[in-house]
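Each chain is listed here by its residues.
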Amino acid sequence: MTAGPLVVLVGPMGVGKSTVGVLVAARLGRTYRDTDDDIVAEQGRTIADIFVDEGEPAFRAIEKSAVHKALAEHDGVLALGGGSILDADTRALLAGHQVVYLSMDVEEAVQRTGLNVARPLLAVNPRRQWRELMEARRHLYTEVARAVVPTDGRTPEEVAQAVLDALELKEA
């Protein structure tokens with residue numbers, strides 16, 4: 001186990017990484033950090049604006065830098081953006097960490113994210129695009145994760161407890 005976050009949450013957009021991450025951090029008496037928030041703060045604009053203005057490749061380079069910095073600096077609970085696991089260097093760095101993949105099925109995803117215009121990768125046909133994203137990413141989430149915690153039909157509190165149980169972590 002390398003230094004860095006106690007818990008790293010990965011998974012698709014809308015799965016609840018931020019909500020669950022805050023709960024897990026509170027239960028562990030640790031701080032919470034989200035790399036998407038880091039990017040917005042550093043860039044002074046939304047992720048959607050970065051996608052529109054500069055394109056996905058530019059955003060992924062910014063994201064990679066933010067993730068690597070957070071993995072080096074943060075010792076609490078860290079949530080990564082949904083596409084951060086696309087980068088091979090990031091996946092390699094995650095190997096030494098307690099990573100939990102929060103999963104959900106397509107119906108739950110559409111309910112949570114389907115009409116949200118702030119999600120640039122789901123702008124046209126949310127259901128089909130989400131399925132395609134997951135087909136491309138699911139194996140990568142699974143590859144980096146020590147545990148998979150389904151979120152479907154569960155409250156954020158239930159998911160947070162499942163994360164703690166999966167990693168055998170005790171509340172502070």
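Residues numbered from 1 in each chain as written. Predicted model: local features only at pLDDT ≥ 70, side-chain atom pairs only at ≥ 80, totals over all residues. Heavy atoms only, no water.

A look at unusual backbone geometry
Then, in step 1: Here the phi dihedral of glutamate 168 falls at roughly 55 degrees; this positive angle occurs in a residue that is not glycine.
Then, in step 2: Within the secondary structure, glutamate 168 is located in the segment after helix 8 (156-167).
Then, in step 3: Under the relative-accessibility criterion, glutamate 168 is labelled exposed at 68%. (Helix = DSSP H or I, 4+ residues; strand = E, 2+ residues; numbered from the N terminus. Buried < 20%, exposed > 50% of the residue type's maximum accessible area, 1.4 Å probe, protein only.)

A closer look at helix 8
Then, in step 1: For helix 8, spanning twelve residues, the distance from its first C-alpha to its last is 17 Å, which sits close to the expected 16 Å at 1.5 Å a residue.
Then, in step 2: For helix 8, the full list of buried residues reads Val159, Ala160, Ala162, Val163, Leu164 and Leu167.
Then, in step 3: The inward-facing, buried residues of helix 8 abut strand 1 (7-10), helix 1 (17-28), strand 4 (99-103) and strand 5 (147-150).
Then, in step 4: Glutamate 168 occupies a position one or two residues after helix 8 and carries a positive phi of about 55 degrees. (Expected span 1.5 Å × (residues − 1). Contact = heavy atoms within 4.5 Å.)

Looking at the side chain of threonine 90
Then, in step 1: Here threonine 90 shows up in helix 5 (residues 88-94).
Then, in step 2: Since its relative accessible area comes to 1%, threonine 90 is described here as buried.
Then, in step 3: Within the local environment of threonine 90, its side chain forms a polar contact with the side chain of histidine 68, the two groups lying 2.9 Å apart.
Then, in step 4: If near-sequence neighbours (up to four positions away) are discounted, threonine 90 is found in contact with Lys64, Val67, His68 and Ser84. (Polar contact = N/O pair within 3.5 Å; in protein donor to acceptor, adjacent residues only side chain to side chain.)

As for the packing of aromatic side chains
Then, in step 1: The final tally for this structure, using the stated rule, is two aromatic pairs.
Then, in step 2: When the ring of phenylalanine 51 is compared with that of phenylalanine 59, the centres are 4.9 Å apart and the planes differ by 35 degrees; the resulting orientation is tilted.
Then, in step 3: Assessed through its relative accessible area of 13%, phenylalanine 51 is described here as buried.
Then, in step 4: Classification of phenylalanine 59 by relative accessible area gives buried; the value is 2%. (Phe/Tyr/Trp six-rings, centres within 6.5 Å; stacked < 30°, edge-to-face > 60°.)

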